[in-house]
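The chain contents come next:
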Amino acid sequence: MGRIARGQPGHVARAEPDRAELTCQELVELVSDYLEGALSSDDQHRFEAHLEGCDGCRAYLEQMRATILAVRGVTDADLDPAMRERFMDSFRDWRSLRDV
Amino acid sequence: MVPVDRAGSPGPALPAEGGPTDDAGLVEALRKGDEAAYRALVDRHTATLLRLASMYVSNPEVAADVVQETWIGVLQGIDRFEGRSSLKTWICRILVNKAKTAAQHEGRTVTLSDLGDDGLAPAVDPERFHDQGPRRGQWSNPPREWDRPEERLLSKETRAVVERAIAELPTNQRLTITMRDIEDLSAAHTCSVLGIGDGHQRVLLHRARTHVRAALEAYFSDVTETA
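Residues numbered from 1 in each chain as written. Chains lettered and ligands numbered in written order. Predicted model: local features only at pLDDT ≥ 70, side-chain atom pairs only at ≥ 80, totals over all residues. Heavy atoms only, no water.

A. Spotlight on helix α7 (residues 171-182) of chain B. Residues and elements named next belong to chain B. With 11 of 12 residues buried, α7 lies mostly within the body of the structure. What α7 keeps buried is the set N172, Q173, R174, L175, T176, I177, T178, M179, R180, D181 and I182. Downstream of α7 by a residue or two, D184 has a phi angle that is positive, lying close to 60°. (Buried < 20%, exposed > 50% of the residue type's maximum accessible area, 1.4 Å probe, protein only. Helix = DSSP H or I, 4+ residues; strand = E, 2+ residues; numbered from the N terminus.)

B. Representation of the interface of chain A and chain B in the model. Residue-level contacts link 43 residues of chain A with 61 residues of chain B. Between chain A and chain B, roughly 4600 Å² of surface is buried when both sides are summed, and carbon and sulfur atoms account for 58% of that area. Of all residues in chain A, Q63, V74 and F87 of chain A bury the most surface against chain B, accounting for 14% of the area lost on that side. Counting across the chain A and chain B interface gives 10 salt bridges. R92 of chain A is the partner of E35 of chain B in a salt bridge, and the nearest nitrogen-oxygen pair spans 2.8 Å. Elements supplying a minimum of two residues to the side of chain A that touches chain B: α1 (24-35), α3 (55-72) and α4 (81-99) of chain A. Considering only residue class, the side of chain A that touches chain B consists of 22 nonpolar, 9 polar and 12 charged. (Contact = heavy atoms within 4.5 Å. Buried area = accessible area lost by both parts, 1.4 Å probe. Salt bridge = Lys/Arg side-chain N within 4 Å of Asp/Glu carboxyl O. Nonpolar A, V, L, I, M, F, W, Y, C, P; charged D, E, K, R; others polar.)

C. The domain arrangement of chain B, seen in detail. Residues and elements named next belong to chain B. Domain annotation of chain B identifies domain 1 (20-105) and domain 2 (126-226). Each of domain 1 and domain 2 has a C-alpha centre, and these two points are 29 Å apart. Of the residues lining the interface, 11 residues belong to domain 1; the matching set on domain 2 comes to 12 residues. For the pairing of domain 1 and domain 2, the buried interface totals around 1100 Å² over both sides, and the portion due to carbon and sulfur atoms is 65%. Broken down residue by residue, the surface that domain 1 buries against domain 2 is led by R51, M55 and T89, which jointly contribute 43%. The interface formed by domain 1 and domain 2 contains 1 salt bridge. The partner of R51 in a salt bridge is E183, and the shortest N-O contact between them spans 3.4 Å. Across the contact surface, domain 1 and domain 2 share 5 residue pairs in polar contact (both at pLDDT 80 or more). Taken together, the elements giving at least two residues each to the side of domain 1 that touches domain 2 come down to α2 (35-56) and α4 (87-106). Here the side of domain 1 that touches domain 2 is composed, by residue class, of 5 nonpolar, 3 polar and 3 charged. (Domains from an automatic or database assignment. Polar contact = N/O pair within 3.5 Å; in protein donor to acceptor, adjacent residues only side chain to side chain.)

D. Focus on the side chain of T67 of chain A. Note that T67 of chain A resides in helix α3. The contact partners of T67 of chain A, leaving out residues within four places of it in the chain, are W146, R209, V212, R213 and L216 of chain B.

E. Representation of the packing of aromatic side chains within the structure. Counted by the stated rule, this structure contains 9 aromatic pairs over all chains. Aromatic pair Y60 of chain A and W139 of chain B: ring centres 5.9 Å apart, planes at 40°, arrangement tilted. Here Y60 of chain A is found in helix α3, whereas its partner W139 of chain B is found in the loop between α4 and α5 (149-152) on a different chain. Its relative accessible area of 7% is what places W139 of chain B among the buried residues. Taking the centre distance of 4.9 Å and the plane angle of 50° together, the rings of F81 of chain B and W90 of chain B count as tilted. (Phe/Tyr/Trp six-rings, centres within 6.5 Å; stacked < 30°, edge-to-face > 60°.)

F. Representation of the nonpolar core in the model. Ranked by size, the top nonpolar core spans 45 residues in total, and within it Y38, Y56, W71 and L87 of chain B carry the most contacts. Of all the elements, α4 of chain B adds the most residues to this core, at 10 residues. Those residues in contact with Y38 of chain B that lie beyond four places of it in its chain are F87, M88, S90 and F91 of chain A together with L30, W71 and L75 of chain B. (Core = buried A, V, L, I, M, F, W, Y, C linked by side-chain atoms within 4.5 Å.)

G. Summary view of the state of the cysteines. One pass over the full model with this rule turns up 0 disulfides over all chains. Not engaged in a disulfide, the cysteine C54 of chain A finds its nearest cysteine sulfur in C57 of chain A; these two sulfurs lie 3.6 Å apart. The thiol of C92 of chain B is unpaired, and the distance to the nearest cysteine sulfur, on C191 of chain B, comes to 14 Å. (Disulfide = S-S within 2.5 Å.)

As structure tokens, then:
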């Protein structure tokens, strides 16, 4: 990932964030935009530069990724056969009218 | 006589073996009155439709009625479907219209415009950051990595935590996370079904996901401490 270099040659200022750097508190608000690919390329660089030097934010990002996976895991029970039959009846009604 | 090379095979272009799975094939088959194609659509999308309907109406029977009306609407409108959106998006949009009408009859109104203050709530409790000094805005109480997330995230208990967290969300956030993350609709399709802009959609998704994350974090830290 040779990405950190841009705009901030080599140093990761942890104790005294300069104006261009994101704080952790700012970063957590940008996580969804980051995951959606909606950040400007400047902001994306700032985001990734911050991650390089911040364990807490890396853990946070991973938790958000894991959260999305967990939400995806919420799937539905199988369709109730009686309900499906009801919807199939609608189809047969429709087709018989259409065939007339 | 028509030259032989004019058409590859005689007869109507019926769906190939196994039935059509792509939108165009399904639409084509449905227009011809193909029951199997309809059944495939019902099996594939009914759960999604019920889930969405139940966000607008509280009575499960009314939600089922809304889904039935949606399928009737799909059949009646299939000749007019132009394929400008995906079939699923189109079906969801029909559902949302039917569900809104049913919600009005039920005396519930759901508006997506009332973004309200849920758009301003922070993703993470401000108490977890330093609020002054040179470390202002940095974690004072950072999140810890979750242990073995892949196993634990798929457990029944975790799923219950996630479902409860989603149920607590304001309707607009609940709809958005349901469409995006449960039903796996694209951002563009979600915007189109809900009639909202992309930026608004991202704010809602962000709020919803951060709420679920916080619920999972609380749950996992409890489990770890009591284990």
